[in-house]
Structure formats: C-alpha cells, structure tokens
Amino acid sequence: MNDTADLVGVLRAAGETTRLRLLALLADGEQSVKDLTEILGQSQPRVSRHLKLLADAGLINRNAEGAWAYYGLAPDGAGGDLARWLISRWSADDPDRLRDRQRLESVRLQQAEQAAAYFAKVADSWDLLRSLHVPEEAVEAAIVEAMRGRVVDTLIDLGTGTGRMLELLAGHYRRGIGIDASREMIAVARAKLAQCGIGHAQVRLGDIVDLDASAGRADVIVVHQVLHYFDDPGRVLAQARRALKPGGEMLIVDFAPHTLEFLRSHHAHRRLGLSEAQMAGWARAAGLAVADLRSFPPTNTAEGLTVCLWRLIDETETSL
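Structure report, in brief. (Residues numbered from 1 in each chain as written. Predicted model: local features only at pLDDT ≥ 70, side-chain atom pairs only at ≥ 80, totals over all residues. Heavy atoms only, no water.)

### Side note on helix α5 (residues 77–88)
Look at α5: 17 Å from first C-alpha to last across twelve residues, which is about the 16 Å you get at 1.5 Å a residue. Along α5, the positions that sit buried rather than exposed are G79, G80, L82, A83, L86 and I87. Around the axis of α5, the buried residues are gathered within 160 degrees of arc, so they sit on the same side. (Helix = DSSP H or I, 4+ residues; strand = E, 2+ residues; numbered from the N terminus. Expected span 1.5 Å × (residues − 1). Buried < 20%, exposed > 50% of the residue type's maximum accessible area, 1.4 Å probe, protein only. Arc of directions from axis to C-beta.)

Here it is as structure tokens:
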C-alpha cells in the first residue's frame, strides 16, 4: 500500500461485520453472489454492495462468468495478505462465523445433491453427451501423447465418470484408481473396465474434495472435464495436490471460458469454463505450476466449445 490513506481506506472497507463475514467465507474458497446471499440471509443488492467495496479496496477479486460472478480473496498483494491476517485473528468459535460456516456446508451439500441427481440421470449416456460440441478425439490423442513412453506406478482419475480415462491410459499405469461421487457412474465404469479386461484399475465411490488417504499417492492425477462442476476449482486442485507424489504431475482437461448459460441451468455446470489466468492462480496456490497448455478449438464454431489440456507439475520442479 502506497501510504497511510490507502491503509486506512482498506481497513475501513474491512471494518464492518458483514464484510468481515464475507472475507471469512471467501477464505474457504470462491463463492458466487447467489450463494453468499443465501448464506448471509441478506438481499442481493446489499451483498453486492459489500462485495464491491471489498473489491475496490483490493481485498478480494471478482471474476465475471456469464450472468454470474464469483468472488475470492485476492491471491497475492497487500490486500489479500491483510484479509488473511484479519481472518486469522477472528475466533473460529464466534457465533456468526460458526453459523456462516454451517450454512456454507449446507449450500455445498445442496449443490452436491443436485449434481448427483444429474449424473444419475445421464450415467448411461454420459460418454455420448460429453462428446457433443467437443473435439474429443483430438483431446484424447493429446492426453495419450502426454503419457507417451511412460508407465507410472499409480494413476488416479478424479471424477472418473464412466472410467474413460482409466480405459484410455490403461497401458500407462501399473495401478489405476478412479474416484467418483456418483454410484451410477461408478457402476457403469466398473462394468466397462471389466468388459475391456482392465484388471489393474479399480473404481471407488468417494468425494474428490475430501479424498480418502487409503487410495495412496499418485505419480499422475487426471482431472478430466470435472472442475467446471465446482464453484471453487482451486479447492479441488488443493485437495488433489495432497494425493500427488513429489515430482508428480496433473493432467487437467476442461473448457475455456464461454457464454453457454444453458450448461449451467440444464447440465449442472457451475463455472462457464476456466481461463489461463485462473488455472495459473489455482495451481500456484496449490504449490503447482503450469508446465504446458494446449487448446483445441471446436469443430462446430456455431455451438462448439474450446477444450484445454493443462499439465501441472510441482512448482519446485520448475526451478531445478
């Protein structure tokens, strides 16, 4: 901060009960205005006004995505540092903070239930749905290319769906584990793996934002078309990072930013694509670095979506 006036301005922005509650909520991950309104029990205009004051002061960042906007603590800089310092001084047992956290968990549970209901409905036709508007063959070829010449001990596929990545990369791991929260998807994946004779891979029911340590740690983690189903993809990456061996890497496949709102309203998407800057920020926060990025434009430019393949590695590896 340049001078005393700047510091006083930032402190004034944070020095209000609702705005302090907002900072604490955003410390747990990015949130939409809609969800923050529900958690705080306040009107959308009032919450938006508080968020604008915090953003103007540099305490939080705003990312607009179509008709929605997501907010998170400023990842770096004096504003973000001050926000985290203030939150660390606020007792976790404060009644307002406890109530907000309970409501946040309730909102996340509702979102998970909505997504589970959607996946249960589309499990049998998932591979066909996923191929719509997406250059799937080119993306899959690039995924295989990223693993060329390697056979790793353990590969974990988070949000495995029908197990397509375990099938595609079967020749590149000695032990494969697919994790998904949908029982219906897991049933389809298990049947497909058995049909293909892939005996060195298994699928498990589990929450990828609360990973079970029994799966062990992976040399490679794949997160294929999963992150856009979460309000806070950075939270998923941070969890995945804990399951990665030192020197391991992640292969992330997802959409580039787009404006197709129907994917949010009809297909359970929470984020309308992920930008290069967002991925770099989430990776950095998880102790990772973007080593490579490939983009695949749609074959149908009228309705298609660009798909991106990111390769993330240990941040320490980039300095060697």
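Alright, that's what it looks like, and here's the rest.
### Considerations on the pattern of salt bridges
Scanning all chains against the criterion turns up 14 salt bridges. D100 serves as the salt-bridge partner of R21, at 2.8 Å between the closest nitrogen and oxygen. Placement of the pair is R21 in helix α2 (residues 17–27) and D100 in helix α6 (residues 95–122), with a sequence separation of 79 residues. Residue R21 is classed as buried on the basis of its relative accessible area of 9%. Classification of D100 as buried rests on a relative accessible area of 2%. Overlapping salt bridges bring together E140, R164, E167 and K192 as one network. (Salt bridge = Lys/Arg side-chain N within 4 Å of Asp/Glu carboxyl O.)

### Some details on the side chain of D314
As for its position among the elements, D314 is in strand β10 (residues 307–314). A polar contact of 2.8 Å, which involves the side chain of D314, links it to the side chain of R241. There is a polar contact of 2.5 Å between the side chain of D314 and the backbone nitrogen of G247. Apart from residues no more than four positions distant in its own chain, D314 is found in contact with R241, L244, K245, P246, G247, G248, G287 and L288. (Polar contact = N/O pair within 3.5 Å; in protein donor to acceptor, adjacent residues only side chain to side chain. Contact = heavy atoms within 4.5 Å.)

### Considerations on the packing of α2 against helix α4 (residues 44–56)
The relative placement of two packed helices comes down to the angle between their axes together with the axis-to-axis distance. One can describe the packing of α2 onto α4 by two numbers: an axis separation of 10 Å at closest approach and a directional angle of 75 degrees. Considering the angle they form, α2 stands roughly perpendicular to α4. Across the interface between the two elements, T18, R19, L22, L23 and L26 from α2 touch R46, V47, R49, H50, L51, L53 and L54 from α4. (Axes fitted to C-alpha atoms, helices over the stretch in contact; angles between N-to-C directions. Parallel < 35°, antiparallel > 145°, perpendicular 65-115°, else oblique.)

### Points about the sheet that holds β10
Reading across the sheet, the seven strands line up as β6-β5-β4-β7-β8-β10-β9 and stay open at both edges, with mixed pairing between neighbours. Since the sheet does not close on itself, it has two edges, and those belong to β6 (201–205) and β9 (288–296), each with one partner. Between one strand axis and the next, the sheet turns through 20 degrees on average, direction left out of account. For β9 and β10, the ladder comprises eight bridges, and the chain directions are antiparallel. Following the sheet pairing, S295 is matched in β10 by C308. Along the sheet, helix α10 (residues 183–195) makes contact with β5 (173–180) and β6, crossing β6 at roughly 170 degrees. Lying on the sheet, helix α11 (residues 233–242) is in contact with β4 (152–158), β7 (218–224), β8 (244–255), β9 and β10; it crosses β8 at an angle near 150 degrees. (Pairing = 2+ DSSP bridges.)

### So, the pairing of β10
Within β10, seven of the eight residues are buried, which leaves it mostly tucked inside the rest of the structure. Bridging between β8 and β10 involves seven bridges; their strand directions are antiparallel. Paired with D254 across the strands is C308, a residue of β10.

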